[in-house]
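# Summary of the model geometry
Read off the chains here:
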Amino acid sequence: SNARVDSYDSRLGTYGSQAVNGSGSFQYARTNGDVGSNGDVSLDQNAKVWGDAVAGLLHTTTVLGNAIVSGSTATATADVEFPAVTVPTYTNYGSLTVSSSLNMSSSNRAYSTLRVGSNKTLTIEGPANIVASSLILNSGASIRIDDEDGPVVFYVLDNFIMNSNSQIKPNSLEPLGVRLNLLSDNVINPEVTVQLDTVDFDSNSKIWGVVYAPNARVVLDSNFELYGSLMARSLDIDSNATFHFDEALVDATASGVPVYETVCWRELPWRD
């Protein structure tokens with residue numbers, strides 16, 4: 001209940017400058033905040049999606065009570081495939097705990113555990129690739145990305161934990177500046193015995209970035225704020241959590257061979 005999904009365009013400024021429609025729990029920016037699933041989609045009372053809510057083949061979208069979907073609830077025509085992630089190999093620096101503010105220069109590196117202590121800030125200069133078995137932000141911790149020269153891409157193999165009031169944030173406030181590839185697996189499979197990973201997006205925390213978690217059940221706890229995009233094995237958006245899709249990502253992450261068409265033409269006079 002009271003979960004909200006809408007969209008904005010980081011090329012036009014901050015989300016706050018664009019959230020001029022409605023008021024209170026009905027306030028939103030733009031209406032391309034689409035959600036979708038290869039399975040079912042369900043909106044509880046007072047939940048709001050300013051965009052489409054598309055269920056998978058042979059599945060349904062359920063909208064309870066006074067929940068709102070501003071766009072389509074038609075069933076998808078095909079399932080969405082999750083692309084594989086290739087994890088790069090870098091020099092491993094062991095465990096790092098940030099116990100005072102730390103600036104990390106642009107580089108590619110790996111850690112067994114990367115932890116940012118409570119109310120401490122780790123600033124990483126992009127472009128950079130960071131591989132970590134576990135990435136943990138204690139309460140009030142912050143990872144700031146200097147993305148002026150390029151993004152920072154994280155590859156988290158096991159545990160990803162954002163405790164309450166933590167943040168992952170590019171200086172530009174453009175979600176393209178941070179990519180979080182979470183290879184974490186926290187879903188029980190009765191046929192496979194594994195050590196389940198921990199994936200926590202705790203209350204009152206914020207991310208500006210592109211989050212990709214193909215094997216994880218992701219729960220955005222109450223009052224969590226996400227600016228950017230998210231793909232996961234499953235997603236729960238809890239009460240008063242908000243998800244603001246950045247429309248700029250559609251152009252920035254487009255792939256495939258472009259298709260051209262003739263839209264107009266005219267004859268030019270011949271000149272020697």
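The coordinates are above.
The shown structure was predicted, so the numbers you read here are calculated from the model rather than taken from an experiment.

## Brief notes about the side chain of Asn-181
Following the sequence through the fold, Asn-181 ends up in strand β16 (residues 178-182). Classification of Asn-181 by relative accessible area gives buried; the value is 14%. Setting aside residues no more than four positions away along its own chain, Asn-181 makes contact with Val-85, Val-153, Phe-154, Tyr-155, Val-156 and Tyr-212.

## Regarding the pattern of salt bridges
Taken as a whole, this structure holds five salt bridges when the rule is applied. In this structure, Asp-251 and Arg-11 form a salt bridge, with 2.9 Å as the shortest nitrogen-oxygen distance. Placement of the pair is Asp-251 in helix α2 (residues 248-252) and Arg-11 in the loop between β1 (4-8) and α1 (15-18), with a sequence separation of 240 residues. Owing to a relative accessible area of 53%, Asp-251 belongs among the exposed residues under this scheme. One salt bridge in this structure joins Glu-247 and Arg-30, with 3.0 Å as the shortest N-O distance. Note that Glu-247 is positioned in the loop between β20 (242-246) and α2 and Arg-30 in the loop between α1 and β2 (35-36), a separation of 217 residues in sequence.

## Looking at the pairing of strand β18 (residues 206-220)
Burial of β18 is extensive: twelve of the 15 residues sit out of reach of the surface. Pairing of strand β15 (residues 167-170) with β18 involves two bridges; the strand directions are parallel. Bridging from a neighbouring strand, Gln-167 pairs with Lys-206 of β18. Pairing analysis gives three bridges linking β16 to β18, with the strands arranged parallel. Counterpart to Asn-181 in the pairing with β18 is Tyr-212. Two strands pair when backbone bridges link them, and β18 and strand β19 (residues 225-237) are joined in this way by twelve bridges, in the parallel orientation.

## Observations regarding the packing of aromatic side chains
For any pair of aromatic rings, the description consists of the separation of the ring centres together with the inter-plane angle of the planes. Taken as a whole, this structure holds nine aromatic pairs when the rule is applied. Between the aromatic rings of Tyr-15 and Tyr-227, the centroid separation amounts to 5.9 Å while the plane-to-plane angle is 65°, which identifies the pairing as edge-to-face. With Tyr-15 in helix α1 and Tyr-227 in strand β19, this residue pair connects regions lying 212 residues apart in the sequence. Note on accessibility: Tyr-15 and Tyr-227 belong to one class, buried. Residues Trp-208 and Tyr-227 carry aromatic rings whose centres are separated by 4.8 Å and whose planes lie at 5° to one another, so their mutual orientation is stacked. With a gap of 19 residues between them, Trp-208 in strand β18 and Tyr-227 in strand β19 connect regions that are remote in the sequence. The exposure class assigned to Trp-208 is buried, which follows from its relative accessible area of 9%. The exposure class of Tyr-227 is buried, given its relative accessible area of 8%. Aromatic rings pair up to connect Tyr-8, Tyr-15, Trp-208 and Tyr-227 into one cluster. Positioned above the aromatic ring of Tyr-93, the side-chain terminus of Arg-109 is 4.9 Å from the ring centre. The side chain of Lys-169 reaches across the aromatic face of Trp-208, ending 5.1 Å from its centre.

Reading the values: the criteria
Residues numbered from 1 in each chain as written. Predicted model: local features only at pLDDT ≥ 70, side-chain atom pairs only at ≥ 80, totals over all residues. Heavy atoms only, no water. Helix = DSSP H or I, 4+ residues; strand = E, 2+ residues; numbered from the N terminus. Buried < 20%, exposed > 50% of the residue type's maximum accessible area, 1.4 Å probe, protein only. Contact = heavy atoms within 4.5 Å. Salt bridge = Lys/Arg side-chain N within 4 Å of Asp/Glu carboxyl O. Pairing = 2+ DSSP bridges. Phe/Tyr/Trp six-rings, centres within 6.5 Å; stacked < 30°, edge-to-face > 60°. Lys NZ or Arg CZ within 6 Å of the ring centre and 35° of its normal.

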